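Structural features, examined
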Amino acid sequence: MRMNTRTLSAAVFAAVLLVSVAGCKKKAPAPAPPPPAPPPKVEEPPKPPAVRIDSFTAEPRSIERGQSATLRWSVANATDISIDQNVGAVQANGTRQVFPSDSTTYTLAATGPGGTDSRSVTVDVSSPPPPPPPKAPPPKISGAEMLGREAQDAYFDYDKSDIREDARQVLTRDADLLKRIFAGDPNFTVVIEGHCDERGSAEYNLGLGDRRATAAKDFLVQLGVPSDRLKTISYGKERPVCTEANEECYQRNRRAHLSPGQ
Amino acid sequence: MKTKLTAVCAVAVALFSAGALLLTGQEIRGTITQGERPSIAVPDFRGSGDAQRVMNTFNETLWNELANSGVLSMRAKSMYPVDVPQQPSDFRPPTTSPPLRRGEAPRTVRNGPWLTDWSGPPVSAAYLAFGYTAVQGGRLVLFGWLYNVAQPDPASAQVIGKLYFGSVDNEGAKNVAREFAADILRQFGAQSLAGTKIYFVSDRTGYKEIWSMDYDGSNQQQLTNYKSTSSMPAVSPDGSLFAFTTYAQGNPKIMVYSAQTRKRLPFYNPVSSMVATPEFTADGHILFSAAIDRWAQICIANGDGSQMRRISNVHAIEVSPRVNPKTGRDILFISGRSGGQQLWRMAMEGTDLERLTSGEGDVANPSWNPNGQTIAFAWTRGYEPGNFNIFIMDIAKREPIQLTQNSGRNENPWWAPDGNHLVFSSKRGSTTQIYTMLADGTNVQRLTTQGNNTQPVWAKGIN
């Protein structure tokens, strides 16, 4: 295209010369044909300046994931400038904050009349070290667990709520346990359940279970267990641990049982 | 009552006045067992037209109502004559003809149904119930008569002649039969149980809830739905309220309900680890057992729980207060105050304490006969702990009569409103079920089948 323009200008120049010579010829006898015009001297048009990326940097060059880096660039003689990695078209001079989640190479591409240029810069991204694990809980078990694991039932005779010798020993150990549990957990409470075997009437057994729970509570309080942490409930014969009709099962059901409160 | 009886039939007075006025354990038993019950013939009634379809239900209901009352001796149908009267005009007096041969007695010529068909052998009944049904104006009408067949003629024999109306279906037939039966029973000083309700505890849903049913086991309905343990029902004397003990809110507490609306009514439980075994008094108070000062004690409060007052004051377990329905002045209750679980009685003020059982075994579940004189309870006397049997006792005579034996664990006897029946629970297999019986231990009928059913309370219906 450019060459065509030049050829055209030379032809025009030649034609003008020819017309002026012809005009002269009308007034004078025809001279010898002029020498052919010297070939027109075609001047080279000025060359556009080259596209030049003066600088393209990332500051800092390496970051931790979640941090940002600043891209900074300076470009000369370019008409179209863009950065990949979704940064897009940018001005000739500028900065842009980027938040790469992994190490990323950014390429700046510049295009102008004087050509193209590109330059890349890489931002190194490192994963931060995992946060330290939460502090391990103290190795103590919950009051409910301790109670379930260590507390023992106190057993009673038929239609009785007296604390037997074996029940005294059991409840004495239970009292120590309760004191330890309460010391470790100031909000912990315990329900003392009173139970009966299936032989008495449901109605009387409700009273008897209440009596057994109360008797066990009184015993524990005498041993220094704070009474405001102990509640009682009678289940009568509503919640047996076994249902066989023999003395062994009856005995297992005639009990005071410690369970965690609400 | 006595005047009415006299007017109605002299026989009934002779047989019943003593018993009706002074029903005691022995006499109730005697009334039922010693064959002194008036005899009655109840032939099958027939219905005209559409009424015929429901007559099986009618006849079955009428027979059962009368037979189960315990006050009548039913004459077997197989003895009845072929020509059964359906209305008074069917009776035709026999005529006398001269003897065929001289010297013989004059002949009696039978002209149709007559009173002596029923009073004489083989029926030998004192009374005859007869009649028929028809559909009239879209309603079932029963024309019912009760005759005293010992009388010389139909006019003087009539005790009842009455019309009863119901719907033309089995329900209507059942209703008119029950009404007719109730009128008949009233002539003998007995009360029909139709309309009465039995409250009880059933675990058939997986939780112990309060239920109710009709006196014959029909119409079983769940009244509570706490999905907890709710038990020990009580019903107010007028049938309008029921109460029970429940773990629905933690420790055992009493709740009071309207029987009509089945809605909870306010009742303020005392602060106690245990409030249980409610009982209504006729004057609107509620008796119960509450743990006070470390022991379950008998208490009384207003119907809403206010003004609670302790009645007993002893280091012993005391439960199951039951107020005398006749006097409203004395309470039966179970107490451990003499050791064991025994039956005691005291005045409403907590005075006049006396033990009613011997001290042997364990006693539970006292219940008053409506006469205020006879009581029922469960007792292990003579058996190992837990082997309860049903006993009744005249409270003046103090002679306990054992009604059940060798038939599992029998508990929770409760007198029917008629004073002749008892409902109770019995474990005769792997489950506990509810039964009724006459107060002599006969005519035992099972009412429940699903799950375990316990703690029946026989109450007046509300309708």
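It should be emphasised that the depicted structure is a prediction, and the values quoted were computed from it without experimental measurement.

1. Comments concerning the overall build of chain A
What chain A contains, in helices and strands, is five helices and twelve strands. Buried residues in chain A amount to 35% of all 262 residues. Across chain A, contacts joining residues at least 24 apart in sequence account for 65% of those joining residues at least 6 apart. A total accessible area of about 15,800 Å² is found for chain A, and carbon and sulfur atoms account for 55% of it.

2. Focus on the overall build of chain B
Helix and strand content of chain B: seven helices and 32 strands. Projected onto the principal axes, the alpha-carbon positions of chain B cover approximately 95 × 50 × 40 Å. Taking all contacts inside chain B whose residues are at least 6 apart in sequence as the whole, residues at least 24 apart take part in 44%. Surface exposure of chain B reaches about 19,300 Å², of which carbon and sulfur atoms provide 48%. Chain B carries 43 positive and 37 negative side-chain charges, and their two centres are separated by 2 Å.

3. Considerations on the domain arrangement of chain A
The assigned domain composition of chain A is domain 1 (1–44), domain 2 (52–126) and domain 3 (143–260). Of note, the centres of domain 2 of chain A and domain 3 of chain A, computed from C-alpha atoms alone, are 77 Å apart.

4. Comments concerning the pairing of strand β13 (residues 241–246) of chain B
Residue and element names in this part refer to chain B. β13 sits mainly inside the fold: five of its six residues count as buried. Pairing of strand β12 (residues 230–235) with β13, which is carried by four bridges, proceeds in the antiparallel orientation. Looking across to β13, one finds that S230 is bridged to T246. The hairpin turn running from β13 into strand β14 (residues 253–258), its antiparallel successor, is six residues long, and G250 in that turn takes a positive phi close to 110°.

5. Some details on the state of the cysteines
All names here are of chain A. Inspection of the entire model under this criterion finds one disulfide over all chains. The residue that forms a disulfide with C242 is C249, at a sulfur-sulfur distance of 2.2 Å. Taking the torsion about the sulfur-sulfur bond, which here is approximately 115°, the covalent link between C242 and C249 counts as right-handed. As far as burial versus exposure is concerned, C242 and C249 are alike and both buried.

6. Some details on the interface of chain B and chain A
Contacts between the two partners involve 33 residues from chain B, matched on the other side by 24 residues from chain A. Both faces considered, chain B and chain A share a buried interface measuring about 2,200 Å² in area, 54% of it formed by carbon and sulfur atoms. Among the ionic pairs, R294 of chain B bridges to D218 of chain A, the shortest N-O distance being 2.6 Å. At the level of secondary structure, the elements contributing two or more residues to the side of chain B that touches chain A comprise β16 (275–280), β18 (295–301), β20 (318–323), β24 (363–368) and β28 (409–415) of chain B. Top element by residues in the side of chain B that touches chain A is β28 of chain B. It accounts for three residues. When the residues that make up the side of chain B that touches chain A are grouped by side-chain class, the tally is 14 nonpolar, 14 polar and five charged.

7. Remarks on the sheet that holds β12 of chain B
Residue and element names in this part refer to chain B. Across the sheet, four strands lie side by side as β12-β13-β14-β15; this open sheet has antiparallel pairing. Each end of this open sheet is capped by a strand with a single partner; those strands are β12 and β15 (264–265). Looking at chain direction, β13 and β14 are connected through six bridges and run antiparallel. By the bridge assignment, L241 is partnered in β14 with S258.

8. Comments concerning the pattern of salt bridges
Enumeration over the complete set of coordinates arrives at 29 salt bridges over all chains. Taken together, the salt bridges that share partners define one network made up of D197, R199, E247 and R254 of chain A.

9. Some thoughts on the domain arrangement of chain B
In many reports, interface size means the accessible area that the parts give up when they come together. Looking at chain B, the domain boundaries give domain 1 (2–187) and domain 2 (197–459). A C-alpha centroid distance of 38 Å is found between domain 1 of chain B and domain 2 of chain B.

10. So, helix α4 (residues 202–222) of chain A
All names here are of chain A. Helix length check: α4, at 21 residues, gives a terminal C-alpha distance of 30 Å against a target of 30 Å (1.5 Å per residue), a fit within 8%. Where burial is concerned, most of α4 is hidden: 17 out of the 21 residues are buried. Note on α4: the residue one or two positions beyond its end, G224, has a positive phi of about 100°.

11. Digging into the sheet that holds strand β26 (residues 389–394) of chain B
Residues and elements named next belong to chain B. Taken in spatial order, the four strands make up an open sheet running β24-β25-β26-β27, and their pairing is antiparallel. Looking at the sheet topology across the chains shown, the edges are occupied by β24 and β27 (401–402). Two strands pair when backbone bridges link them, and β26 and β27 are joined in this way by two bridges, in the antiparallel orientation. Its bridge partner being in β27, I392 is matched across the sheet by I401.

12. Details of helix α7 (residues 170–187) of chain B
End to end, α7 of chain B covers 26 Å across 18 residues, agreeing with the expected 26 Å (1.5 Å per residue, within 8%). G189 of chain B sits one or two positions beyond α7 of chain B and adopts a positive phi of about 70°.

13. Regarding the packing of helix α4 (residues 55–67) of chain B against α7 of chain B
Residue and element names in this part refer to chain B. Contact geometry for α4 and α7: axes closest at 8 Å, N-to-C directions at 30°. Compared by their axis directions, α4 and α7 come out roughly parallel. Of the two possible hands of crossing, α4 and α7 adopt the one that is right-handed. Residues T57, F58, T61, L62, E65 and L66 of α4 touch α7, and the partners they reach there are N170, A173, K174, V176, A177, R178, F180, A181, I184 and L185.

14. Digging into the packing of aromatic side chains
Within the structure shown, the criterion is met by 23 aromatic pairs over all chains. Measuring from ring centre to ring centre gives 4.7 Å for Y132 of chain B and F143 of chain B, while their planes differ by 15°; the resulting arrangement is stacked. Of this pair, Y132 of chain B sits in strand β6 (residues 127–136) while F143 of chain B is found in strand β7 (residues 139–148), placing the two residues eleven residues apart along the sequence. Lying across the ring of F182 of chain A, R229 of chain A places its NZ or CZ 4.3 Å from the centre. Against the face of F165 of chain B rests R139 of chain B, its NZ or CZ located 4.3 Å from the ring centre.

Thresholds, definitions, all that
Residues numbered from 1 in each chain as written. Chains lettered and ligands numbered in written order. Predicted model: local features only at pLDDT ≥ 70, side-chain atom pairs only at ≥ 80, totals over all residues. Heavy atoms only, no water. Helix = DSSP H or I, 4+ residues; strand = E, 2+ residues; numbered from the N terminus. Buried < 20%, exposed > 50% of the residue type's maximum accessible area, 1.4 Å probe, protein only. Contact = heavy atoms within 4.5 Å. Areas by Shrake-Rupley, 256 points an atom, 1.4 Å probe, with all protein chains shown as cover. Lys, Arg positive; Asp, Glu negative; His and termini not counted. Charge placed at Lys NZ, Arg CZ, Asp CG, Glu CD. Domains from an automatic or database assignment. Pairing = 2+ DSSP bridges. Disulfide = S-S within 2.5 Å. Buried area = accessible area lost by both parts, 1.4 Å probe. Salt bridge = Lys/Arg side-chain N within 4 Å of Asp/Glu carboxyl O. Nonpolar A, V, L, I, M, F, W, Y, C, P; charged D, E, K, R; others polar. Expected span 1.5 Å × (residues − 1). Axes fitted to C-alpha atoms, helices over the stretch in contact; angles between N-to-C directions. Parallel < 35°, antiparallel > 145°, perpendicular 65-115°, else oblique. Left-handed = near helix turned anticlockwise from the far one by under 90°. Phe/Tyr/Trp six-rings, centres within 6.5 Å; stacked < 30°, edge-to-face > 60°. Lys NZ or Arg CZ within 6 Å of the ring centre and 35° of its normal.

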